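Observations on the model geometry
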Amino acid sequence: MNKVLILHGPNLNLLGTRQPEIYGSETLNDINNALYEKAAVNGWDIKALQSNHEGALIDAIHAAREDGTAAIVINPAAYTHTSVAILDALNAFEGKVIEVHLSNVHKRESFRHHSYVSLRADGVIAGLGSQGYLAALDAVIRAAERA
């Protein structure tokens, strides 16, 4: 079975209650459940992890190198703009990487315009809300079908 790792960075555990005017009203469970459903219909296996700790995200990326994971869909949240360590971990992963942001980071504060993760990502989706995660999963599935 094809495997995808979904990584949610810091503060995404607060989705639905934290600044819904920016991040929407859906919870992280809502997003993950939609991803699990889409994956199951297409014969894919998903592991989802949210952490407020950079090291936990890096450990998950390292594990994905060894467990047959085909792709990582990552919303690094604030680590987008600060974490060379996450970039380095993703550079060691050989599968597809899709970066997702709920908001359009390019319409926000200037410090949010730079992404270390984008230097490794095969694709970037920003500003589509929770639909961005589903679009990323769809891109992973379609790429595997074409391979």
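Definitions and cut-offs
- Residues numbered from 1 in each chain as written.
- Predicted model: local features only at pLDDT ≥ 70, side-chain atom pairs only at ≥ 80, totals over all residues.
- Heavy atoms only, no water.
- Pairing = 2+ DSSP bridges.
- Helix = DSSP H or I, 4+ residues; strand = E, 2+ residues; numbered from the N terminus.
- Axes fitted to C-alpha atoms, helices over the stretch in contact; angles between N-to-C directions.
- Contact = heavy atoms within 4.5 Å.
- UniProt positions renumbered as here; feature names shortened; annotations may be inferred.
- Buried < 20%, exposed > 50% of the residue type's maximum accessible area, 1.4 Å probe, protein only.

Focus: the sheet that holds strand E3 (residues 69-75)
Read across the sheet, five strands follow the order E2-E1-E3-E4-E5 without closing on themselves; strand pairing throughout is parallel. Looking at which strands have only one partner, the edges of the open sheet turn out to be strand E2 (44-50) and strand E5 (123-126). Each adjacent strand pair in this sheet contributes to an overall mean axis angle of 20°, direction not counted. Contacts from helix H5 (residues 131-146) reach strand E1 (2-8), E2, E3, strand E4 (96-101) and E5 within the one sheet, and its direction differs from that of E4 by about 165°.

A word on the UniProt feature "site: Transition state stabilizer" (unreviewed entry) in the protein
According to UniProt, the "site: Transition state stabilizer" (unreviewed entry) feature falls on Arg-18. Tracing the chain through its elements places Arg-18 in the loop between E1 and helix H1 (20-23). Once residues lying within four places of it in the same chain are set aside, the contact partners of Arg-18 are Asn-11 and Tyr-23.

Structural notes on the side chain of His-101
If you trace the backbone, His-101 turns up in strand E4. Relative accessible area serves as the criterion here: at 6%, His-101 is assigned to the buried category. Apart from the residues within four sequence positions on either side, His-101 is in contact with Asn-75, Pro-76, Thr-80, Ile-125, Ala-126, Gly-127 and Leu-128.

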